[in-house]
Amino acid sequence: MAKHLIFLGAPGVGKGTQAQRLAQLMDLPHVSTGDMLRASVQSGREIGLRAAAVMESGALVGDEIIIGIVAERLLLPDAAAGVVFDGFPRTIHQANALDNLVSAHGDQITAVLHINLSDEEIVERLSGRRVCSKCGAIYHIRYHAPAVNGVCDICGGVLLQREDDQPAVIRKRLAVYQAETAPLIAYYHDRPAYHLVSGEGEADEVFSRIVEAVGVVR
Ligand code: AP5
């Protein structure tokens, strides 16, 4: 049976950081809808052109676009054993679509990892975030700084600040999370796959909580 894991939580709680690590540990692809949209923007593809302004404003891209790119991604051969989702689903409509996609293959959602963190800490983390323009590795100017300022430790790529990590857009993204994504907590809450994980503390500590919740062997 394929394994499909979901990370749920507000912007900046550490979904990307933890999803990349868990995907590596479980040898599954890391599927981030945010990364896929940013790649479309960079390549100038039609979807990217439509999504760019929405993303910069902090609003959500339309459900049909997102469901379409996820459904296509799940058809690639490397997704046969499952995937670790990051930033998807983000609305009840997307969650319903994912349930349908997964059950069409006779599978279920393996784990829903809901990471929580105070708004104060979220703003601190997002305003110091830097992302590698080449490989997507995530850094923080204080908590996880690269060895050489502005340069990725892994691939040597240039580190950039995301357009949507400006204070006004961060506030908008948090409001959008409360209005459109937080209802997913109730949607998943009563399933055995649901786990509430504290995002407080160092990334290694958070990862240990996640590994324990999922029950994977390191
Ligand atoms: P997306 O890219 O998904 O962004 P997000 O959900 O807002 O989440 P972030 O990437 O900002 O945060 P994160 O939780 O991954 O935190 P991270 O690990 O980087 O979406 C962007 C946009 O795309 C959306 O606004 C929307 O427009 C669109 N979109 C995407 N998916 C969509 C969908 N399904 N439907 C509709 N629209 C969609 O960590 C943050 C910082 O903290 C980093 O600097 C990191 O180094 C640091 N950090 C992490 N953990 C720790 C720790 N334990 N201690 C200290 N620092 C830490």
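Residues numbered from 1 in each chain as written. Predicted model: local features only at pLDDT ≥ 70, side-chain atom pairs only at ≥ 80, totals over all residues. Heavy atoms only, no water.

**Student:** Explain the overall build of the protein chain residue by residue, including any values.
**Tutor:** Secondary structure assignment for the protein chain yields nine helices and eight strands. Radius of gyration (C-alpha) of the protein chain: 17 Å, near the 17 Å computed for a compact globule of 218 residues. Along the first, second and third principal axes, the C-alpha atoms of the protein chain reach 45 × 40 × 35 Å. Evaluated residue by residue, the protein chain yields a buried proportion of 45% over its 218 residues. A fraction of 68% describes how many contacts in the protein chain between residues 6 or more apart in sequence connect residues 24 or more apart. Within the structure as shown, the protein chain displays about 11,000 Å² of accessible surface, and the carbon and sulfur contribution to it stands at 54%. Counting 20 positive and 26 negative side-chain charges, the protein chain places the centres of these two groups 3 Å from one another. (Helix = DSSP H or I, 4+ residues; strand = E, 2+ residues; numbered from the N terminus. Rg over C-alpha atoms; globule rule 2.2 N^0.38 Å. Buried < 20%, exposed > 50% of the residue type's maximum accessible area, 1.4 Å probe, protein only. Contact = heavy atoms within 4.5 Å. Areas by Shrake-Rupley, 256 points an atom, 1.4 Å probe, with all protein chains shown as cover. Lys, Arg positive; Asp, Glu negative; His and termini not counted. Charge placed at Lys NZ, Arg CZ, Asp CG, Glu CD.)

**Student:** Talk me through the packing of aromatic side chains; I want residue IDs and the actual numbers.
**Tutor:** Two aromatic rings, taken as a pair, are described by how far apart their centres are and by the angle between their planes. Going through the model one piece at a time under the given rule, you end up with two aromatic pairs. Ring geometry for phenylalanine 85 versus phenylalanine 88: centroids 5.3 Å apart, planes at 50°, classification tilted. Taken together, a centroid distance of 4.9 Å and an interplanar angle of 85° make the contact between tyrosine 187 and tyrosine 188 edge-to-face. Here tyrosine 187 falls in the partly exposed class, since its relative accessible area comes to 23%. On the basis of relative accessibility, which here comes to 0%, the residue tyrosine 188 falls in the buried class. (Phe/Tyr/Trp six-rings, centres within 6.5 Å; stacked < 30°, edge-to-face > 60°.)

**Student:** Describe the packing of helix H1 (residues 15-26) against helix H9 (residues 203-214), with residues and values.
**Tutor:** Relative to each other, H1 and H9 sit at 50°, their axes nearing to 10 Å. Accordingly, the angle class assigned to the pair H1 and H9 is oblique. The interaxial crossing formed by H1 with H9 has right-handed handedness. For the pair H1 and H9, contact is made by Thr17, Gln18, Arg21, Leu22, Leu25 and Met26 and by Ala203, Asp204, Val206, Phe207, Ile210, Val211 and Val214, respectively. Here the contact of H1 with H9 is composed, by residue class, of nine nonpolar, two polar and two charged. (Axes fitted to C-alpha atoms, helices over the stretch in contact; angles between N-to-C directions. Parallel < 35°, antiparallel > 145°, perpendicular 65-115°, else oblique. Left-handed = near helix turned anticlockwise from the far one by under 90°. Nonpolar A, V, L, I, M, F, W, Y, C, P; charged D, E, K, R; others polar.)

**Student:** Quick one: what's the story with helix H3 (residues 46-57), residue by residue and with numbers?
**Tutor:** Burial in H3 covers these residues: Gly48, Ala51, Ala52 and Met55. Taken around the axis of H3, the buried residues stretch over an arc of 130°, which confines them to a single face. Along H3, exposed side chains directed more than 90 degrees from the buried face belong to Glu46, Leu49 and Ala53. Once H3 finishes, glycine 58 follows within two positions and takes phi at roughly 95°, a positive value. (Arc of directions from axis to C-beta.)

**Student:** Break down the pattern of salt bridges for me, with residues and values.
**Tutor:** Tallying each qualifying case throughout the model produces twelve salt bridges. One salt bridge in this structure joins aspartate 78 and arginine 73, with 2.8 Å as the shortest N-O distance. What makes aspartate 78 partly exposed here is its relative accessible area of 42%. The shortest N-O distance in the salt bridge between arginine 173 and aspartate 164 comes to 3.8 Å. Considered together, arginine 173 and aspartate 164 belong to a single accessibility category, that of buried residues. A single salt-bridge network, built from bridges that share partners, covers Arg129, Arg162, Asp164, Asp165 and Arg173. (Salt bridge = Lys/Arg side-chain N within 4 Å of Asp/Glu carboxyl O.)

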